[in-house]
Amino acid sequence: MKTALITGVTSGFGHAIALRLAGLGYNLVITGRRIDRLNELTKQLKLDFPVEVFPLCFDVRDNEACTKAIQSLPESFQKIDLLVNNAGLAAGASPFQESDLTDFDQMIDTNVKGLLYMTKLIVPGMIEQKSGHIINISSIAGIEVYPNGSVYCASKHAVNAITKGLRIDLIQHGIKVSSVSPGLAETEFSIVRYHGNEEKAKAVYAGLIPLNAEDIADTVEFIVTRPAHVSINDIQINPAQQANTYISHRNSN
Ligand code: NDP
Ligand code: 8X3
């Protein structure tokens, strides 16, 4: 049986990806900061699927915490076949000059440095076993830059550069590296971005049917179920009503 480590399973994409991979028969290492949600998901996964699950509660911004968490894995969970770097966020949606530096730090530290810390910890094992797959959850924000999103977009552009670099450096070790770049998707993402303002968060999706977490789990399932000789490098997925960052066809009522 293969083992997948997914970061950020306490909500949204990560939660759906965990359930989907369990359905595909992966044993799981699941991570996040909210212990109650982590424990609840662990219980659900163990009840619903014949898989082993090991929850790890830590903040991906803290390299020491990441290292301790990975070192604490029991032997049966130490061989990671699939790493899904999903934990991430946008914080704030204001012009650069009006934005808060702590929001900048949080996005760069989570989306870029957290992803680097986790990848650095998992890659040596994959090199040793001469196989593995890393899926980075990026964003349409890694492809286009939109108003009031400079640092979030920068963080996801960085994710794309890291993805491409890893793909080049790890190919000799039989490790696949993929990215998934969703457009508008309704999870807790916008509530987090607007610091808990649910009205502003809801308005992001007004007049269109956004992607949902299951759509992203579908995409991850497609990527991991290709034959060994096929690598899905990058997938960009949008709601049917979103052409790009700037053009969405929204219903008027
Ligand atoms: P959610 O807010 O629903 O989920 C984010 C997850 O990331 C949570 O499980 C959260 O767990 C975890 N997380 C955030 N910060 C940290 C941290 N410092 N340490 C550990 N875990 C952390 O958002 P989504 O599911 O939508 O987002 C998942 C990924 O998808 C992100 O990388 C996001 O940028 C990307 N994305 C989202 C899109 C969208 O429109 N929704 C579109 C494109 C990409 P906890 O709080 O428990 O730590
Ligand atoms: C989240 C999607 O459009 O807000 O990554 O950048 S968007």
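Residues numbered from 1 in each chain as written. Chains lettered and ligands numbered in written order. Predicted model: local features only at pLDDT ≥ 70, side-chain atom pairs only at ≥ 80, totals over all residues. Heavy atoms only, no water.

Considerations on empty space enclosed by the protein
Using the following cut-off: Buried and open spaces are told apart on a 1 Å grid over the protein atoms alone, a cavity being a set of points where a 1.4 Å probe fits but cannot get out and a pocket being an open set with protein on both sides within 12 Å along at least five of seven lines. Residues with an atom within 4 Å of a point are the lining residues. Grid points are joined across faces, edges and corners, and a volume is the space filled by probe spheres set on the points. Throughout this entry, Asp, Glu, Lys and Arg are counted as charged residues, while Ala, Val, Leu, Ile, Met, Phe, Trp, Tyr, Cys and Pro are counted as nonpolar. The remaining residues, Gly among them, count as polar.
Under the criterion given, the structure shown has one cavity of 30 Å³ or more. A volume near 40 Å³ is recorded for the largest cavity. Residues that form the lining of the largest cavity fall into these classes: three nonpolar, three polar and one charged.

Comments concerning the layout of surface pockets
Quick note on the threshold: In this description a helix means any DSSP run of H or I spanning at least four residues, a strand means any run of E spanning at least two, and both kinds are numbered starting from the N terminus.
Here the second largest pocket is characterised by a volume of approximately 440 Å³. Together, 19 residues line the second largest pocket, and Gly-132, His-133, Gly-174, Lys-176 and Ala-228 are the ones closest to its centre. Counting residues per element, the ones that place at least two in the lining of the second largest pocket are strand S5 (132-137), strand S6 (175-182) and helix H8 (213-224). Ranked by the residues each element gives to the lining of the second largest pocket, the list is headed by S6, at three residues. A per-class count over the lining of the second largest pocket returns eight nonpolar, six polar and five charged.

Let's talk about the site of ligand 2
Put simply, the rule is: What makes a residue near a molecule or strand is one non-hydrogen atom of that residue sitting within 4 Å of it. Any pair of nitrogen or oxygen atoms within 3.5 Å is treated as a polar contact; in protein, a donor-acceptor pairing is required on top of that, and neighbouring residues in sequence qualify only through side-chain atoms on both sides. Each accessible area is a Shrake-Rupley estimate made with a 1.4 Å probe; only the visible protein chains count as cover when residues are assessed.
In the vicinity of ligand 2, the contacting residues are Ser-139, Ile-140, Ala-141, Tyr-146, Tyr-152, Gly-183, Phe-189 and Arg-193. Tyr-152 is positioned such that a nitrogen or oxygen atom in its side chain is 2.6 Å from an oxygen atom of ligand 2. Here ligand 2 has 240 Å² of accessible area as a free molecule, and 87% of this is covered by the chains. Looking at the shell around ligand 2 residue by residue, the classes come out as five nonpolar, two polar and one charged.

Points about the site of ligand 1
Near ligand 1, the surroundings consist of 28 residues, among which Thr-10, Ser-11, Arg-33, Tyr-152 and Thr-187 are the closest. The side chain of Thr-187 places a nitrogen or oxygen atom 2.6 Å from an oxygen atom of ligand 1. Burial of ligand 1 by the surrounding chains reaches 97%, relative to a free accessible area of 880 Å². Only helix H1 (12-23) and helix H5 (150-170) provide two or more residues apiece to the shell around ligand 1.

Let's talk about the packing of helix H4 (residues 101-129) against H5
The condition is simple: To obtain each axis, a line is fitted to C-alpha atoms, and for helices this fit is confined to the stretch in contact; angles are then taken between N-to-C directions over 0 to 180 degrees. Angle categories: roughly parallel below 35 degrees, roughly antiparallel above 145, roughly perpendicular from 65 to 115, and oblique for all the rest. By the definition used in this description, the sense in which the near helix is turned from the far one sets the handedness, with an anticlockwise turn below a right angle giving left-handed and a clockwise turn giving right-handed. Contact definition: two residues touch when any of their heavy atoms are within 4.5 Å.
Between H4 and H5, whose axes approach to 9 Å, the crossing angle comes to 15 degrees. Overall, the two elements H4 and H5 adopt an arrangement that is roughly parallel. Here H4 and H5 pass one another in a crossing that is right-handed. When H4 is examined against H5, the residues Phe-104, Met-107, Ile-108, Asn-111, Val-112, Leu-115, Leu-116, Thr-119, Val-123 and Ile-127 are found in contact with a partner set consisting of Val-151, Tyr-152, Ser-155, Lys-156, Ala-158, Val-159, Ile-162, Leu-166 and Leu-170. Here the residues of the contact of H4 with H5 are counted per class, giving 15 nonpolar, three polar and one charged.

Coordinates in, geometry out; function isn't part of it.
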